[in-house]
Amino acid sequence: MKLKKLICCITAGIMALAAVPAMAVEGEINVTAYWKFGREGVKSGQIGDASLIIADQSGSGNDLKMETFGSGDWNEYLTFSDDSMTGQGGSMIFDGDTKGKVGADFVTVDGAPINKETFRNGYTMEYLYYFPLDWTVEDKWMCLMRRSGSAKNVPEGEQGTMYTAISNCKEIQFVTSNADDSHWMGSAAWSVSMDEGGVWYHIAIISDGNEISTYVNGCEAFRNYVTPAMKGMYADPNDGHFHVGTSWWNGLDKFLQGSLQEVRITAQPLEKKDWLITEPEKYLGEYGSNREYQLKDPDNYTVVLLPDTQNTIEFRPDVMNKAIDGIIESADRFNTVGVIHLGDVVDDNNVDQQYVNAREAFYRLPDAGIKLLVQQGNHDGWSSGIHNYWNSFSGKSTAFKRRTGWYLTNSPNNDQNSSYMFLRAGSYDYLVISLSCTGSSSGGNENVHWLAADEAWLESVLKEYPNCPTIVTTHDLQNCSPTDPSAVQLSDNGKELWNIVKKYPQVFMMVGGHSHGSGVEILKNDDGGDVISMLADYQFAYNGGNGFFRYLEFDEKANKIYFSTYSP
């Protein structure tokens, strides 16, 4: 089968608008501190001699003073810019040298009232932040802001008593001790991912005394922290300063990378109408449309990829059930011939309720007559000393085998969950081979390399069916650029698999999940033919993916495959 042209389209999401949102008007809002990092926010001093003071626009006296680490020309590490999120005022570029531990941040001045503030009536922390294109995973866990001091009831207390960090997956991680330092925050409050570099984000963290919630460009995460014990924010009586631009882990750890336009802290939970930017959704950019998915030609047929469902299954099973309903209800209309799950069915492989949710969602596909292939991801895999519920869901389990035994063929390795199936569609019998990325050799030795356990079996299947157009899939196949989720390349595991399948010209596509992003790379096999390498993973988006699936639409008349990301 020749693939002359690839056409990528996005058919789901939120329609972007071009208008610039209006700024909120200061009224009865109880603003504790408000800092503007453009030139207009300077109270006195300059960057070059480290004397810069950023004025507190609230008039409360919570000014920020510049502090330095190491020695150097400070104009190389802090720079004023005319760029801003709103088009009004400017910003400051933070670019400290983390490896050399040379750079600068800002800290509230001694005697600032905010240093003693405990926010018992709640709080809202807002950041207008530019996520830079040159960010890498080496910058993970850098802080937008932290609060120094010591508390007994804050995880990772080396950072201080409160910190707003950016994770390796580009989520906001917020942790604090409560006002009385009497409650251990068992897990962070997490945001959705800041998918793309080179753009501005409005970030809001809101506590009403019962729930800490996070927002990125108006999108609320599903992983809020909820307890009535979490009132206020602890202030170490011997410290309590707020620091903007550094993280602290047994000493200086990371300098913030990117730009800040404004940071505002209010001593109350704010509604969106009172935010610095009242309609931050308008900064989402192009993110598809709300059009119903339609085939390009009624004779076309589709294969659906289900990427990394772990967060939706754990936190929003209702969303996943609705999305699966959509696949079933549209199967005839879209000529859906099969569904391939890309792994990480659940988040925790030793929590039975997550597998209960997964069975409720995914078993309905084969029960509806839709062929389903499920592969094991790293979150589904075998864990030493922990009961693994995987085989009660898939693998060789009786329940799954009863539904799929007539079309799904498993690897003979008893401890491996690799399998294959055939899809009859149009003029072809397609072969889909799934390689588990967490398997072991027979006998339960988890230290055996994932691919070595089934390499011989994989090649035997490819040799047996040389005339079947073949898709090969495994969970960890590609990596994506940290700030461009559409730029993908083979991971180390992917390279090992590619070294095998590139010898077999019938393989025209490899698909994977695992790395948050969605993109395509074209590879050349040993015969010089094109092979599509496709990544699809939306696990850190709204509702853990919000039922976004990757639809592959095969158009034999036009000799094309259309790729679409769509949520039923």
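Data block above holds the structure.
Throughout this description, residue numbers start from 1 for each chain and increase along the sequence as written. Per-residue local features of the predicted model are confined to residues with pLDDT of at least 70, and side-chain atom pairs are confined, for both listing and counting, to 80 or more; whole-chain, interface and lining totals are unaffected and use all residues. Computation of side-chain values covers all heavy atoms of the structure but excludes hydrogens and water.

**What to know about the environment of Asp83**
1) Next: Note on conventions: DSSP H or I runs of at least 4 residues are helices, E runs of at least 2 residues are strands, and numbering of each starts at the N terminus. Relative to the elements of secondary structure, Asp83 occurs in the loop between strand E6 (78–81) and strand E7 (91–95).
2) Next: Along the sequence, Asp83 and Asp530 sit 447 residues apart, while their C-alpha atoms lie 42 Å from each other.
3) Next: Contacts were defined at the residue level, with two residues in contact if any of their heavy atoms lie within 4.5 Å. Filtering out sequence-adjacent residues up to four positions away, Asp83 remains in contact with Gly90, Ser91, Tyr130 and Trp200.

**Notes on empty space enclosed by the protein**
1) Next: Both site types are read off a 1 Å grid over the protein atoms alone. A 1.4 Å probe that fits but cannot get out defines a cavity, while an open set with protein on both sides within 12 Å along at least five of seven lines defines a pocket; lining residues have an atom within 4 Å of a point. Grid points are joined across faces, edges and corners, and a volume is the space filled by probe spheres set on the points. In this structure the tally under the stated criterion is two cavities of 30 Å³ or more.
2) Next: Roughly 50 Å³ of internal volume is contained in the largest cavity.
3) Next: Considering only residue class, the lining of the largest cavity consists of five nonpolar, seven polar and one charged. For this scheme, ten residues count as nonpolar: Ala, Val, Leu, Ile, Met, Phe, Trp, Tyr, Cys and Pro. Four count as charged, namely Asp, Glu, Lys and Arg, and the remainder, Gly too, count as polar.

**A short note on the packing of helix H2 (residues 317–330) against helix H3 (residues 352–362)**
Packed helices, taken two at a time, are described by the angle their axes make and the gap between the axes.
1) Next: Where helices are involved, their axes are fitted lines through C-alpha atoms of the stretch in contact, as for all axes, and angles between N-to-C directions lie from 0 to 180°. In the contact formed by H2 and H3, the axes pass within 9 Å of each other and the chain directions differ by 20°. In terms of orientation, H2 and H3 fall into the roughly parallel class. In the crossing of H2 with H3, the sense of the turn from one axis to the other is right-handed. Across the interface between the two elements, Pro317, Met320, Asn321 and Ile324 from H2 touch Asn357, Glu360, Ala361 and Phe362 from H3.
2) Next: Here the residues of the contact of H2 with H3 are counted per class, giving five nonpolar, two polar and one charged. By definition in this entry, angles of less than 35 degrees are roughly parallel, angles greater than 145 are roughly antiparallel, angles of 65 to 115 are roughly perpendicular, and the rest are oblique. If you view the pair so one helix is near and one far, a crossing is left-handed when the near helix is turned anticlockwise from the far one by less than a right angle, and right-handed when it is turned clockwise.

**Examining the side chain of His341**
1) Next: When you line up the elements, His341 lands in strand E23 (residues 336–341).
2) Next: Within 3.5 Å is the distance limit for a polar contact, defined as a pair of N or O atoms, with the added protein rule that one can donate a hydrogen and the other accept it, and that residues adjacent in sequence qualify only through two side-chain atoms. A distance of 3.0 Å separates the side chain of His341 from the side chain of Thr309, its partner in a polar contact.
3) Next: Discounting residues that sit within four places of it in the chain, His341 has contacts with Leu306, Asp308, Thr309, Phe362, Leu373, Val374 and Gln375.

**Observations concerning the environment of Ile54**
1) Next: The topology assignment puts Ile54 in strand E4 (residues 53–54).
2) Next: Throughout this description, buried means an accessible area under 20% of the type-specific maximum (1.4 Å probe, protein chains only), exposed means over 50%, and partly exposed covers the range between. Owing to a relative accessible area of 0%, Ile54 belongs among the buried residues under this scheme.
3) Next: The spacing of Ile54 and Ile500 is 446 residues in sequence and 58 Å in space, taken between C-alpha atoms.
4) Next: Among all residues touching Ile54, those that are not within four sequence positions of it are Trp35, Lys36, Gly41, Val42, Lys43, Asp63, Leu64 and Phe106.

**A few points about the state of the cysteines**
1) Next: By definition, disulfides here are pairs of cysteine sulfur atoms that lie within 2.5 Å. A full pass over the atoms with the stated rule returns zero disulfides.
2) Next: The thiol of Cys219 is not disulfide-bonded; the next cysteine sulfur, from Cys169, is found 16 Å away.

**A few points about the nonpolar core**
1) Next: Trp35, Phe37, Phe106, Met125 and Tyr129 are the most contacted members of the largest nonpolar core, which totals 61 residues.
2) Next: Ranked by residue count, the leading element in this core is strand E9 (residues 123–131), at five residues.
3) Next: Among the nonpolar cores identified, the runner-up in size contains 55 residues, and Leu373, Phe393, Phe400 and Ala536 belong to it. Throughout, nonpolar core names a set of buried Ala, Val, Leu, Ile, Met, Phe, Trp, Tyr and Cys residues whose side chains join them through atoms within 4.5 Å.

**Comments concerning the sheet that holds strand E25 (residues 408–410)**
1) Next: A sheet is described by the order of its strands in space; here seven strands give the open sequence E25-E26-E27-E28-E31-E33-E32, paired in mixed fashion. Two strands in the sheet have a free side with no partner beyond their single neighbour: E25 and strand E32 (517–524). Ignoring which end each strand starts from, the neighbouring axes of this sheet average 20° apart.
2) Next: Strand contacts of helix H7 (residues 455–464): E25, strand E26 (419–425), strand E27 (428–435), strand E28 (470–476) and strand E31 (507–513), with the helix running at about 175° to E27, the strand carrying the most contacts.
3) Next: Along the sheet, helix H8 (residues 492–501) makes contact with E27, E28, E31, E32 and strand E33 (530–537), crossing E28 at roughly 160°. Note on pairing: two strands pair once DSSP finds at least 2 bridges between them.

**Considering the pairing of strand E14 (residues 199–207)**
1) Next: Judged by how many residues are buried, E14 sits mostly within the fold: eight of nine residues are covered.
2) Next: Bridge analysis of E14 against strand E15 (residues 211–216) gives five bridges, and the strand direction is antiparallel. In the sheet register, Ala204 faces E15, and the bridge partner there is Tyr215.
3) Next: Linkage of E14 to E15, two consecutive antiparallel strands, is achieved through a turn of three residues, within which Gly209 is found at a positive phi near 90°.

**Brief notes about the packing of aromatic side chains**
1) Next: When two rings of Phe, Tyr or Trp (its six-membered ring) have centres within 6.5 Å they constitute a pair, described as stacked for plane angles under 30 degrees, edge-to-face for angles over 60, and tilted for the intermediate range. All told, the structure shown has 35 aromatic pairs when counted by the stated rule.
2) Next: Judged by centre distance (5.9 Å) and plane angle (65°), the rings of Phe69 and Phe255 are edge-to-face. Placement of the pair is Phe69 in strand E5 (residues 64–69) and Phe255 in strand E20 (residues 252–255), with a sequence separation of 186 residues. Here the two residues Phe69 and Phe255 agree in accessibility, since each one is buried.
3) Next: For the pair Tyr355 and Phe393, a centre-to-centre distance of 5.9 Å together with 35° between the ring planes defines the contact as tilted. With a gap of 38 residues between them, Tyr355 in helix H3 and Phe393 in helix H5 (residues 390–393) connect regions that are remote in the sequence. Accessibility assignment for this pair places Tyr355 and Phe393 in one class, buried.
4) Next: Members of the aromatic cluster, joined through ring pairs, are Tyr301, Tyr428, Tyr430, Phe508 and Phe554.
5) Next: A positively charged side chain is recorded as over a ring if its NZ (Lys) or CZ (Arg) lies within 6 Å of the ring centre. The angle to the ring normal must also be within 35 degrees. Geometry around Phe334 places Arg333 over its ring, the cationic atom sitting 4.8 Å from the centre.

**A closer look at the packing of H7 against H8**
1) Next: Contact pair H7 / H8: the axes reach a minimum separation of 11 Å and the direction vectors enclose 40°. As for how H7 packs across H8, the hand of that crossing is right-handed. Side by side, H7 and H8 meet where Glu455, Leu458, Glu459 and Leu462 of the first sit next to Leu497, Ile500 and Val501 of the second.
2) Next: Grouping the constituent residues of the contact of H7 with H8 by class yields five nonpolar, no polar and two charged.

**What to know about the layout of surface pockets**
1) Next: Estimated volume of the second largest pocket: approximately 630 Å³.
2) Next: As for the second largest pocket, its lining consists of 28 residues, and the residues nearest its centre are Asn168, Cys169, Glu171, Gln539 and Phe540.
3) Next: Breaking the lining of the second largest pocket down by element, the ones donating at least two residues are helix H1 (310–315) and strand E29 (478–480).
4) Next: Among the residues making up the lining of the second largest pocket, the classes are represented as ten nonpolar, twelve polar and six charged.

**Points about the pattern of salt bridges**
1) Next: By definition, a salt bridge exists where a carboxyl oxygen of Asp or Glu is found within 4 Å of a side-chain nitrogen of Lys or Arg. Under the criterion given, the structure shown has 20 salt bridges.
2) Next: Note that Lys557 and Asp297 form a salt bridge whose closest N and O atoms lie 3.6 Å from each other. In this pair, Lys557 sits in the loop between strand E34 (549–555) and strand E35 (560–566) while Asp297 sits in the loop between strand E21 (257–266) and strand E22 (301–306), placing the two residues 260 residues apart along the sequence.
3) Next: Within the structure, one salt-bridge network assembled from shared partners comprises Asp297, Asp299 and Lys557.

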